[in-house]
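Listed below are the residues making up each chain.
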Amino acid sequence: MSATDTGVRPRRLGELLVERGLVSDKDLARALALQRRTCDPLGGILLALGLVRRYDLYHTLSELWELPFVDLSREPADRVLLQSLPMELMIRERFVPVTKAGAQVTVAVARRPDAALEETLRQALGDVPVTYRVTTDWDIDHAIRQTFRQELIDGATYGLFFRNPEDSAHSVFTRSQFAVLVGGVVAALGALYVAPLPVLIVLNLFISLAFLVSIVFKVAVSFVGAAPERWETITADDVTRLEDHDLPLYTVLVPVYHEASVVQQVLRNLSRLDYPKSKLEILILLEEDDVDTIAAAKAAQPPGNVRFVIVPDQVPKTKPKALNVGLYFARGEYLVIYDVEDRPDPDQLKKSVVAFRDGPANLACVQAALNYYNANENLLTRMFTLEYSYWFDYLLPGLHKLALPIPLGGTSNHFRTQILRRLGAWDPFNVTEDADLGARASARGYSVGMINSTTYEEANRHVGNWIRQRSRWIKGFMQTTLVFLRKPAVLVRQIGLIPTLSFLALVAGTPVTFLMTVPMWALYVTWLVRGTNALNPLFPPAILYLSLFNFLVGNMLATYLGMLAVFRRRQYGLIFWALATPVYCVLHSIAASKAVWQLFTRPFYWEKTTHGLSRVRAPR
Amino acid sequence: MASAASARRAELRQNPTAGPLAAAGVFFFLAAALTYRADVSLWLSHHHAHVIEKALLVLDRGRLELIGFFYPPLPFLLMLSWPSPVFAGRLAVACGAGLVWILTRELSCLPFPRPASFGLLLGLATPTTFFLFTQSLWEALLLLLLVVARTQCVEFVSRGNTRALFIAGLALGLAFLANYYVLLFTLPYAFTMLLFVRTTRRGAGVAAAFVLVFPMVATILGWMYLSWVFTGEPLAFTRDPASSMFAFLKPDGADLPTGWSAALRATAHDVRMAPVYMVVALVVAWYRPFRLLTLVVCAVFVLVLRTFGFVFPDYLATVTFTVVALASLPPRTPRQLWPLLLVTALLQFGLGWALPLRGEPAAWQNAVTSGEVTPEDREETAIGQSLNQRPARSVLIDDRVGYRIIARAGTARPFLTPVDGLYALAVSQPARFVPSMLAPVGRAHVVEAAGQSPAGAHPGLRLTRAWSTWCLYESTTSRATLGPQIR
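Here's what I pulled together on the structure shown here. (Residues numbered from 1 in each chain as written. Chains lettered and ligands numbered in written order. Predicted model: local features only at pLDDT ≥ 70, side-chain atom pairs only at ≥ 80, totals over all residues. Heavy atoms only, no water.)

**Here we look at the overall build of chain B**
The test is simple: Per the convention used, a helix needs a DSSP run of H or I reaching at least four residues, while a strand needs a run of E reaching at least two, with both numbered from the N terminus. Throughout this description, buried means an accessible area under 20% of the type-specific maximum (1.4 Å probe, protein chains only), exposed means over 50%, and partly exposed covers the range between. Whether two residues touch is decided by their heavy atoms; if any such pair falls within 4.5 Å, the residues are in contact. Note on areas: Shrake-Rupley, 1.4 Å probe, and residue coverage restricted to the protein chains presented here.
When you go through chain B residue by residue, the secondary structure sums to 22 helices and five strands. Buried residues in chain B amount to 56% of all 487 residues. Long-range contacts, defined as pairs at least 24 residues apart, comprise 72% of the intrachain contacts of chain B with a sequence gap of at least 6. Accessible surface, chain B as shown: approximately 20500 Å² in total, 64% of it carbon and sulfur.

This is the structure:
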């Protein structure tokens, strides 16, 4: 007999919490006001706003649902019973089987049991009687992580590789690639021995053509991206029209490693997001061995919509592996990655929702722009800002307009979670997992778009730190190139010849041109200082003119593109610093050399970028 | 019938490309006919002869740097695909058609009846314009690129189109490869940015000006660098006879004004020959006084250049003033002014055809109107054609004065010129190193009767053929075999 049958009004969660002194009337009123807008469960709202402790909430819910409460930390679930069910099912449906006594199974749930859950359990467990207990969602996730530790780590690490080895950078070179490489090197050495001058001339020609193609491509694409109509793809009105109750659950993944000092900053930055807290699921991904950061994260006492996902300690210890672990626990319809120092525009998530809803069904990802809040700190930060402004404000929009593959940036990539899983998520063996994923999305027939929103980060102000970071990116570009050129004919069939060439020009061409910059400058300086004619044979007329064109016109255009970068964001004060572009390219060359070395010696090594070096305080 | 005509007019009004294309097409047809006429009359401008000769040299020798980094390079590079008077003329015509297309699009935005807007182009339909856009490729390129830059600048200032600003900068940079005067025209463009760029952020005008100036400065420095690398002198290109900025170095320098008073008279004359410029200046002064600066600075620059001995031909000045004026008409010019402007354009049209031209344009006009071949042109062509089958490097010639001969020959193969390493030796002992030598009359030799060695000439040479302006000397010995042995 229900309470309504007896004429007694059913008790409500809010009233119970107030009655128990766990929530004040004022806080309850605030939560209820939010509930009227979002139509979310009150408990989730109270947790998200940090107005109630998780344990207290679920204890109260157990009373409301008239089910006993179970503390899984004191009464752990039966491991064997747990392992008999699919991990993803339990995460999605928020339950774990606790014990089995005879035919009866006790199931701990973090939601009110309903017909759908009963059907799910029937299909999973069979026609067995089930009794329910209530526990917290944290405890459920924790139990799953403990029980499926090895499956989690294996899936996160080797999932893509087992699914399709050719999609993974686990093998740096395939056999055929290695054979081509070795054969090419042997042939080149032999040819150098037999006819050194023609070989060097051919090499010189190749380098010159690479530079020419690279600069012409970037100028053409950037000018397309500079078209004014690209600037406001999503307007403020589009965002205002969204109704809170209509917004989906959004997952934010934030991988954190050895960043104990900035955890508070992370939480503060994410609290600025203009998105209903009850529809925001923030997963802080912490490495198991990073005890300092774990302690700092717990000490920060984040609100209830923030959860910690402890990533089991196993090599490769990379960001994409951590993201893959986090993806298991992501429940949002959309998902975004932010780095620890990121300050996204508050309306970024809503713009992303608009983009996905207005975009085609095969839109897998939208990329927000990245830029820096400490642009004017020193020469390096200025050049870094120019580079990023150019890349995200002109080059990527140009690629998008031309329907060419977009290499994603490291953060602020917004995904449709379902498509992300279908693509196999991130490759833990690729140190630019973002660029790799963008290329893979294109190869599988999905599209990647841009949104007019910015995430602000800290630009590297220290040259050594910058070179470490940049060498990783360039190494990752090389890895991505090797992965996607394993079957070039297949790639061309999948995405077309022009997109393939575009991909090569950008992802493959970038490391090549960077690598050759210092050697070419060295040749030039040698000639300039010594006045030697010894290099003349390497530059027959056609190659000489091409090299001169690259030297004069190429450098001019590269500098000009740096100047273009200031206009979108009106960073006019940076324009004169674009003249330092050739010097900045030399730094890239140094990083590229390191990248090549690591590609062969430590291909999966993740050069950790040190954050928090800026003397410019991040805006609050 | 009436409805069809109205519909057609409405269609033309709505379709901004039809009118400009039509105007450009008419210009192209007329100008192309004039180049054909000039070619039939064997008329060849000095500039085109220079460019063709350099292109022939490069194609034969296979090395760009041999020509001492000839300036301006852009016309020369364009000519490499087909170094001939016809092609040079066609390229210049194409520039003119492009400029007419752009101007027509701009004029289409005026609130005038469409025929009136197009009628303003009559101010350009003068012999000086047709000469410039058929026989002076470098000046044609300059004007076209300047107008492109101007329209793109306006697009940036009025609509904030950043891409347009960068295209303008590239156009100005490219224009330096066509003509050095872009250096001075860039300054008012950059100044315009400082004056007219409106934004809440400081530095926008300066940034925009920098964007405009940078490609041109980079181009200048780049060309100076190339000149230094291959000739040892960064400013050698300023002295090349084909490119010389200086009146005293030009082949027809005597006609060019220098000094303050002469420059003022000449500039005033050119302004009078462009009544469209004067009237538009008045209109702009009345309705958009701020914009008057860009108009006035044009004439001031010409005056200053001439004062200091720089070259600025009168035909170029008149056409430049007219083009700048037509491009500067404010879009909101009151409709009731169209009769005044149209009458002015007609007046300029009449003046252009009624008043005699001077210098090279006059010779050209005579050639295309009469169709007659002048004795000088006939002679040059005959000389060139008689030598073009000679063995390689067998005819010693200084191309700084003989460029027209080489251009007429259609090949540089028979000629030994200053770009060749053996030239200096051959000049010192021509009889020993070359079978033949072609020298201009009145320079180093005196014309002697055929068959006799010229007095004061190098031993071993005898005059074999004499024309009114050239003499051909042949070696009297068989030892001069250097030429046939070269390639």
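**Quick notes on the side chain of His 48 of chain B**
Residue and element names in this part refer to chain B. To keep things clear, this is the line we draw: Any pair of N or O atoms that falls within 3.5 Å is considered a polar contact. Within protein, one atom must be able to donate a hydrogen and the other to accept it, and sequence-neighbouring residues count only if both atoms are side-chain atoms.
Inspection of the secondary structure puts His 48 in helix α3 (residues 46–61). According to the relative accessible area criterion, His 48 is buried, its value standing at 1%. In terms of polar contacts, His 48 uses its side chain to reach the backbone carbonyl oxygen of Gln 135, at 3.4 Å. Ignoring sequence-local partners within four residues, the contact set of His 48 consists of Ala 88, Gly 89, Thr 134, Gln 135, Ser 136 and Leu 137.

**Here we look at the sheet that holds strand β2 (residues 104–109) of chain A**
Consider a sheet: its strands pair through backbone hydrogen bonds, and that pairing is either parallel or antiparallel. Residue and element names in this part refer to chain A. How we decide: A pair of strands is considered paired only if DSSP assigns at least 2 bridges between the two. Here an angle of 0 to 180 degrees is reported between the N-to-C directions of two axes, which are lines fitted to C-alpha atoms, with helices fitted over the stretch in contact.
Reading across from one edge, β1-β2-β3 is the order of the three strands in this open sheet, with mixed pairing throughout. The open sheet terminates on both sides in strands that have one partner only, identified here as β1 (95–101) and β3 (130–134). Here the strands of the sheet are splayed against their neighbours by 25° on average, with no regard to which way each runs. Pairing of β2 with β3 involves five bridges; the strand directions are parallel. The residue bridging Thr 106 from the neighbouring strand is Thr 131, located in β3.

**Points about the interface of chain A and chain B**
To be explicit about the condition: Summed over both partners, the accessible area lost on bringing two parts together, with a 1.4 Å probe, is the buried area. The term salt bridge refers to a pairing of a side-chain nitrogen on Lys or Arg with a carboxyl oxygen on Asp or Glu at a separation within 4 Å. Each residue is assigned to one class: nonpolar for Ala, Val, Leu, Ile, Met, Phe, Trp, Tyr, Cys and Pro, charged for Asp, Glu, Lys and Arg, and polar for all the others, Gly among them.
Tallying the contact residues gives 29 residues for chain A and 34 residues for chain B. The junction of chain A with chain B conceals about 2600 Å² of combined surface from both sides, 78% of it contributed by carbon and sulfur atoms. The interface formed by chain A and chain B holds zero salt bridges in total. The interface formed by chain A and chain B includes four residue pairs in polar contact (both at pLDDT 80 or more). Put simply, the parts of the chain that give the side of chain A that touches chain B at least two residues each are α11 (196–225), α22 (497–530) and α23 (541–568) of chain A. Its residues assigned to classes, the side of chain A that touches chain B shows 26 nonpolar, one polar and two charged.

**Some points on the pattern of salt bridges**
All names here are of chain A. The final tally for this structure, using the stated rule, is 48 salt bridges over all chains. As a salt-bridge pair, Asp 339 and Lys 319 come within 3.0 Å of each other at their nearest N and O atoms. Separated by 20 residues along the polypeptide, Asp 339 in the loop between β7 (334–337) and β8 (343–344) and Lys 319 in helix α15 (residues 319–328) bring together distant segments of the chain. Residue classification places Asp 339 among the buried residues on the basis of a relative accessible area of 18%. Ionic contacts of the salt-bridge type, sharing partners, join the residues Arg 37, Asp 244, Asp 274 and Lys 350 into one network.

**Section: the sheet that holds strand β5 (residues 470–475) of chain B**
Residue and element names in this part refer to chain B. Pairing is mixed across the open sheet formed by five strands, whose spatial order is β2-β1-β3-β5-β4. Here the strands that pair on one side only, and so sit at the sheet edges, are β2 (415–416) and β4 (461–466). By the bridge criterion, five bridges tie strand β3 (residues 436–440) to β5 in an arrangement that is antiparallel. Within β5, the position partnered with Met 437 by the bridge is Tyr 473.

**Some thoughts on helix α10 (residues 182–196) of chain B**
Residue and element names in this part refer to chain B. Threshold: How far a helix is expected to stretch is found by multiplying one less than its residue total by 1.5 Å.
For α10, built from 15 residues, the straight-helix expectation of 21 Å at 1.5 Å per residue is met to within 8% by its first-to-last C-alpha distance of 21 Å. Residues of α10 that are buried: Val 182, Phe 185, Thr 186, Pro 188, Tyr 189, Ala 190, Thr 192, Met 193 and Phe 196. If you follow the buried residues of α10, they end up packed against α8 (137–159), α9 (162–176), α11 (204–231), α14 (292–307) and α15 (314–328).

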